[in-house]
Structures are given as C-alpha cells and as structure tokens.
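# What the coordinates show
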Amino acid sequence: MQFDSLKETAIALDKADDLSRFRKSFTIPKHTDNTESVYLCGNSLGLRPNKAVTYVNEELEDWARLGVKGHFDKEFAWTRYHEFLTESMATIVGAKHEEVVVMNTLTPNLHFMMVSFYQPEGKRRKIVMEADAFPSDTYAVASQIKFHGGNPDEDIIRWQPRPGENTLNIEDLQQILSQHGDEIALIMIGAVNYYTGQYFDLKKITEIGHSHGCMVGFDCAHAAGNVPLNLHDTGADFAVWCTYKYLNSGPGSIAGCFVHERHAHNERLPRFAGWWGHDKEERFLMKDQFKPIPGAEGWQQSNAPILSMAPIRASLELFMEAGFENLRAKSEHLTSYLEYLLNDLPGDRIKIITPSTVKDRGCQLSLAVKNADKSLFERISDKGVIADWREPDVIRVAPAPIYNSYMDCWNFTQILKSSL
Ligand SMILES: *Cc1c(COP(=O)(O)O)cnc(C)c1O
C-alpha cells in the first residue's frame, strides 16, 4: 500500500471511504476544549452506538407498560431476547447459529467452558497458554487447575516468544506439543493477544492440539468484531469473548460463547447447569431432571439481563449494515496507514511490536516506547488522545474501522510527534 504523510491525503482517504458514514452513528467523547477526542481505545471500550439509547429505553418502557407480560407478549420478548442476537453474532464470529449464545460476562464464560472442556485425567493435566495472557485468563486457568487438585506452577505451560522477540512463533507451540502432548489437557489461547495485538492461526493451533488429543479453546475478547474469525472452521472446541471492546455494547455488557457443534448433543460433558439451559418447551414445567438445549444455549444458566443486552442489538445492527468483510477491508487499510505514519516519525523512540503482516493482526498497534515512563502517555492524553497504556512501556492504539477515520490516525501521529 502506498501512503504519504500529508494532511490532504488523510482528508482524501476519509472522503473516499464508504464506511465513514457510520461514525455519526456513534458518540465520540469530547476533549476538554469541546472538540472530538482522538479515540483509539476500541480495544478496551468501544464507543456508544446512539441507537443503544433507544433500545434500552424501549425495554424500560415495555417494563413499565407490560410488567411481567414483557417476558412473552412483545416483539422482542424477554424470554427470547438472547435469540435475537444469535444470527448476527454467529455471522461476526463465523459460526453456526447453534454454536453461539450471548450470556453472562467473559471470565465466567471461560470458567463454565473449562468446567466442560478441562478434564484433567491421569498424566494429562496441563494447560498451555500464551506468554502474555490477559491476567483474568491466567487467574481463571490457575484456579481451575487448583480446583482439580493440581498445581498451577507445574500445570501451566507458557508459549514464550524467542529471546529478543515480542511475538510468538507457531513452531514453538508445535515443539511444546511434541514434547508434552500427552500431558496437555487443554490449549487456551487469546485469539488476538491483548498486549502485542498478534492474531494467531486458530485453525493451525486447533489442528496441532487435536492431533495430540488436547481440547482447544480461544479467548476472542480482542478478536470478536476485529478480525475474521471463522470459529466453526477452526474446529476449536470452545471460544468466549466480551462485547464491550470492538463490539461496542457498553461497559460490562453481556459476553459471547461458542461451543463447536460436535459437542452440541454430548450430554456426558460435565457442566454447571441452570434453568435457562433447559429444554425451552419444558422450562416452565419446573421439572427436576435437567435436559439441556442442544448446542451452546444449553450452557446458559440464568434468564438474560435485558438492559445489558439491548445495546448489543444496536451495535450488531450496525455491523450487519456495514458488512464485516467491508469493515475488515477498511481495517487493514486504516491500520496500515497508521503504521506508515508511525514508521515515518523521526527518531527511534517508537517501535511497533505488533506483527507487520496484515493477516497476523487486527486493528491494534502496540507501540513500545524507548526509555518510557508514563509521562509521554500523559502528554498525549492532555492533548486529546484517548488510548491506553500498559506497563512497563507500551501504548496501544486501535483505529476501529466502524467509527475511526484516517484523520484520527493523522491527528494521533501529529500529537505523538509533538509530545516525543
Ligand atoms: C478484556 C479481557 C478480559 C476481561 O474479562 P471480563 O470478564 O470481561 O472482565 C479477559 N480476558 C481477555 C483476554 C480480555 O481481553
């Protein structure tokens, strides 16, 4: 891709961008001088789709108008509310409808999936994770190991970068499996690593894992709504993700869960059950014997928190309208543009640690800052950039194709340049 660093080019790229019209469907937080912030933090919390206000209000009104009857007697009936999200969500993560459910929040979903898919037995007790896994995932994995009487210090294997490198090499994972394959019960990897932004080859990882008899699951928190996932085709046993990052569904909103169809009817898998996972026909017959809904829905426990689900509807509508392939095409171009501008900065204080190969990343770029303390990040924040800082020395920036512009990337780079 050919770029230059002129402001006119950023303006022209925005003009030529078919998807630029979606920006006005979101509210961009204002900086102290009342101009729009340069918001590059969709990897942490996506912006509010304006329609979310309408949809949440509709549910509040229906509650007032209908009381308990709102569970059944309305278009978006509360007993079925999660079902209205399934089709779009399945499209975004590349799965069959039966394989996807929106429920709970992310870390609980990860636990519930491990209840079913981490079954240490005999010698096979270990879990493989990536080196810089998100702390919540590490806590969840370590506590599951302890729950089964194991020792996390022995039973977690970390897939490490090679000396002097930041990203992970799949050959090293292969090596781990060749050496310890029969001791590994589960491979659980963040599909896009939260720190480096590296997007892994999920299909390959699954093949490697399955060929050694391991279960394979992915945390797609940084992948859902960001990269093309094709979860079904990867063959993974399970996946979990949140909806408040690239899926713009609001702080703490309800998460997604994928269970591959090969497990849809497997009632021998252990699971922590609840009435919302029970056969819908019989749910209100209050029977004692649990009869799971086939597929991912059978892992539900509670009736759904409607007020947290309403914004998901608003966001997914925009994704469907824009088309995920179009969003990905823009994303690849937009992030490459930002990469170009950053590489064009004078000096060598900024080093991008995210892979430079487009297929190995989503929209996030992680910038390692030489001799950094947090002051550089504070200076750019004072000038209207909203990004995030990860100790010890990384600034993460993620132009989200659904609301970010080429001008955002240009403004960010100018502010960074003047703050270095
Ligand atoms: C954002 C994120 C989380 C956060 O977990 P919650 O349960 O939603 O608080 C966990 N794991 C990963 C990989 C994340 O990116």
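Within each chain, residues carry numbers counting from 1 in the order of the written sequence. Owing to the predicted nature of the model, reporting of local features is limited to residues with pLDDT of at least 70; listing and counting of side-chain atom pairs is limited to 80 or more, with chain, interface and lining totals taken over all residues. Where side-chain values are given, they derive from all heavy atoms of the structure, hydrogens and water being excluded.

## A closer look at the site of the ligand
Basically, it comes down to this: What makes a residue near a molecule or strand is one non-hydrogen atom of that residue sitting within 4 Å of it. For the purposes of these results, a polar contact is taken to be a pair of N or O atoms within 3.5 Å, where, inside protein, one atom must be able to donate a hydrogen and its partner to accept one; residues adjacent in sequence count only when each atom of the pair is a side-chain atom. Per-residue and other accessible areas were derived by the Shrake-Rupley procedure at a 1.4 Å probe size, with only the shown protein chains allowed to occlude residues. Each residue gets one of three labels, nonpolar for Ala, Val, Leu, Ile, Met, Phe, Trp, Tyr, Cys and Pro, charged for Asp, Glu, Lys and Arg, and polar for the others, Gly among them.
What surrounds the ligand is the set L106, T107, F134, D137, D219, A221, H222, Y244 and K245. One of the side-chain nitrogen or oxygen atoms of Y244 is found 2.5 Å away from an oxygen atom of the ligand. Contact distances for the ligand include 2.5 Å between an oxygen atom and a side-chain N or O atom of K245. For the ligand, whose free accessible area comes to 390 Å², the fraction covered by protein is 82%. Its residues assigned to classes, the shell around the ligand comprises four nonpolar, two polar and three charged.

## Considerations on the packing of aromatic side chains
Here is the rule: Any pair of Phe, Tyr and Trp rings, taking the six-membered ring for Trp, is counted once the centres come within 6.5 Å. Such a pair is stacked with planes under 30 degrees apart, edge-to-face with planes over 60 apart, and tilted for the rest. Numbering of helices and strands runs from the N terminus, with a helix taken as a DSSP run of H or I at least four residues long and a strand as a DSSP run of E at least two residues long. The cut-offs for exposure are 20% and 50% of the maximum accessible area for each residue type, with area from a 1.4 Å probe on protein chains only; residues under the lower value are buried, those over the upper are exposed, and the others partly exposed.
Overall, the coordinates contain 18 aromatic pairs when judged by the stated rule. For the pair F3 and Y337, a centre-to-centre distance of 5.4 Å together with 65° between the ring planes defines the contact as edge-to-face. One end of the pair, F3, is in the segment before helix 1 (7-16); the other, Y337, is in helix 11 (residues 324-343), and 334 residues separate them in sequence. Here the two residues F3 and Y337 agree in accessibility, since each one is buried. Where Y81 meets F84, the ring centres are 6.1 Å apart and the plane angle is 85°; that geometry is what we call edge-to-face.

## Notes on the UniProt feature "modified residue: N6-(pyridoxal phosphate)lysine" (unreviewed entry) in the protein chain
The cut-off we apply is this: UniProt positions are given in the numbering used here, feature names are shortened, and annotations may be inferred rather than shown by experiment. For this analysis, residues touch if any pair of their heavy atoms sits within 4.5 Å.
When the UniProt feature table is mapped to this numbering, "modified residue: N6-(pyridoxal phosphate)lysine" (unreviewed entry) covers K245. Among all residues touching K245, those that are not within four sequence positions of it are G42, N43, S44, L45, G46, F134, A221 and H222.

## Thoughts on empty space enclosed by the protein
As a reminder, the rule being used: A pocket, in this scheme, is an open set of points on a 1 Å grid over the protein atoms alone with protein on both sides within 12 Å along at least 5 of 7 lines, while a cavity is a set where a 1.4 Å probe fits but cannot get out; residues line either one if an atom lies within 4 Å of a point. Grid points are joined across faces, edges and corners, and a volume is the space filled by probe spheres set on the points.
Taken as a whole and judged by the stated rule, the model has two cavities of 30 Å³ or more. Here the largest cavity defines a volume of roughly 50 Å³. Along the walls of the largest cavity sit G225, N226, Y246, F319, C363, A400, P401 and I402, which together make up its complete lining. In terms of residue class, the lining of the largest cavity is made up of six nonpolar, two polar and no charged.

## Remarks on the pattern of salt bridges
Going by this rule: For salt bridges, the criterion is a side-chain nitrogen of Lys or Arg within 4 Å of an Asp or Glu carboxyl oxygen.
Within this structure, the stated rule accounts for 26 salt bridges. D237 is paired through a salt bridge with R262; the nearest N and O atoms lie 2.7 Å apart. Taken together, the positions of D237 in the loop between helix 9 (231-234) and strand 9 (238-241) and R262 in the loop between strand 10 (255-259) and helix 10 (306-322) put the pair 25 residues apart, joining distant regions of the chain. Among the residues examined, D237 registers a relative accessible area of 2% and is labelled buried. Of the residues examined, R262 reaches a relative accessible area of 41% and is grouped as partly exposed. Each of E59, D62, R65 and K74 takes part in salt bridges that share partners, so that together they form one network.

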